[in-house]
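# Breakdown of the fold
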Amino acid sequence: MKNQTFVLSKFSTLEKLLKKNEPMEFEGVEYQDTILHFSNTSLLKVIEEFSTPLYVYSEGVLASRIQSYLDGARNHPVILCYSVKANSNLSLLKIIKDYGLGADIVSGGELYKCKIANVPSNKIVFSGVGKSKEEISFALKENILLFSVESPSELIVINEIAKELQTTAPINIRVNPDIDPQTHPYISTGLKENKFGISHVEFEHVLKQALALKHIEVMGLGYHIGSQIVNLNAKIEALQRSKELIKIFNKYKKLMYFDIGGGLGIRYKDENPPTPKEYLETLLTQLPWKEIPHATILVEPGRSIVGPAGMFLTKIQYIKKNYDKIFYIVDGAMNDLIRPTLYSAYHTILPVRQNKTSLMNVDVVGPICETGDFFARDRILPQLKEGEYLAILTTGAYGFSMASQYNSRPRPAEVLIRKDGTIKLIREKETYEDLIAKEIHLM
């Protein structure tokens, strides 16, 4: 086999992660007595109780990320609206709500989940370009804080539904600032070629249109330029560009809400993003407070709260050599975690049992009948055996929330490591019966 084993000294980062008992760059993740732990809990213990594939979350890491945002928002009029699409598990929503956060939602289903989790309706912002009439009606009946309006057509529909319900719909106007956030094109939302928001040149026209509608109450404006942003220059540029829009808005009425979106990136490999506290403090110091003395600032973090708080565990079922390629074929698949397939996303992968064997160049792949069913390609990992386990890190965001039943594979369970070290099941593994629960049998 050519080029399959490597000299360890060439891979100092891997040496640190795999060989030494040093702190890792991933919060709560460390080896203790050769076993990988998450928040001081043995992952082998978790696997023994719940098996794989499996999503595991840490309440301690989740709380730490939330607290960092709260520290950054201290002494400022800020509402943190957790972006529910990142992970909508009810137990996690409940924890996030208990810290005083609201929610940024993009569907009626997310609103329903927030209602079940007792998220205060006066802290819920409804975003998204394609809200249905049913979803708008549901949100109005729940008295949410704001609709983030993204087109003149949507504005008219919201006004009509509010009229039918004999109420008034509070809105923000979402602007597309045409700024490149330097992130993956699929998660960029602030360029003129993206479907989101209203262009700068249309802003005043749409504002006047909204102000003329009897069942619309215009509360402010906002923007969101994308996610996994680790350099704040684009965020600061978007904020600076919006100052002119604030001046236009103030010609007509007081601005009550200014939504600066979310998008803070996290560490997947070797990124070095600011902490939530640093991120928020930086942006808040850039705000034109004299121009918006009555405004509450809305911030919509998602990935940066829940991403580092989760990992995906999977078992090596087979090790296959095909010509000069080595495959670790695991029991997890792209239906469980699609980010590597969808975005070519990188997730750090560690063996659950610390290993001092030679390092190898391998592909970590699943059992689905797609070449795109992989978690890593040409990844340097130890020479492992069938039956050993891998931990795929930072999968708390857009992991389970994007999971499917493709290939008729039941979705995995989710468990939570509580602050006191107890391990709680927060979503059962689906069964074969679940796969057909909503299907109609034609006779």
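Attention here is on the structure that accompanies the text.

The rules we used
- Residues numbered from 1 in each chain as written.
- Predicted model: local features only at pLDDT ≥ 70, side-chain atom pairs only at ≥ 80, totals over all residues.
- Heavy atoms only, no water.
- Pairing = 2+ DSSP bridges.
- Helix = DSSP H or I, 4+ residues; strand = E, 2+ residues; numbered from the N terminus.
- Disulfide = S-S within 2.5 Å.
- Buried < 20%, exposed > 50% of the residue type's maximum accessible area, 1.4 Å probe, protein only.
- Axes fitted to C-alpha atoms, helices over the stretch in contact; angles between N-to-C directions.
- Parallel < 35°, antiparallel > 145°, perpendicular 65-115°, else oblique.
- Left-handed = near helix turned anticlockwise from the far one by under 90°.
- Contact = heavy atoms within 4.5 Å.
- Nonpolar A, V, L, I, M, F, W, Y, C, P; charged D, E, K, R; others polar.

### So, the pairing of strand S22 (residues 423–427)
In this structure, strand S21 (residues 413–417) lies alongside S22, joined through 4 bridges in antiparallel fashion. Bridge pairing in S22 links isoleucine 417 to isoleucine 423.

### Focus on the state of the cysteines
The final tally for this structure, using the stated rule, is 0 disulfides. For cysteine 81, which is in no disulfide, the shortest distance to another cysteine sulfur is to cysteine 114 and amounts to 9.8 Å. Here cysteine 81 falls in the buried class, since its relative accessible area comes to 0%. By relative accessible area, which is 0% here, cysteine 114 ends up buried.

### Topic: the packing of helix H8 (residues 200–211) against helix H9 (residues 233–250)
Closest axis-to-axis distance for the H8/H9 pair is 11 Å, and the angle between their directions is 20°. Taken together, the axes of H8 and H9 are roughly parallel relative to one another. When you trace H8 past H9, the crossing you get is right-handed. Side by side, H8 and H9 meet where His200, Phe203, Glu204 and Leu207 of the first sit next to Arg241, Leu245, Ile248 and Phe249 of the second. Classifying every residue of the contact of H8 with H9 by side-chain character gives 5 nonpolar, 1 polar and 2 charged.

### A short note on unusual backbone geometry
Apart from glycine, the bulk of residues carry a negative phi angle, and the bulk of peptide bonds sit in the trans form. Note that the residue after threonine 52, namely proline 53, is joined by a cis bond; omega there is -5°. Among the structural elements, proline 53 can be located in the loop between helix H2 (43–50) and strand S5 (54–58). In this model, asparagine 407 sits at a positive phi of 65°, which is unusual for a non-glycine residue. Here asparagine 407 is to be found in the loop between strand S20 (389–392) and S21. For asparagine 407, a relative accessible area of 38% puts it in the partly exposed group. For serine 408, which is not glycine, the phi dihedral falls at a positive 55°. Mapping serine 408 onto the fold places it in the loop between S20 and S21.

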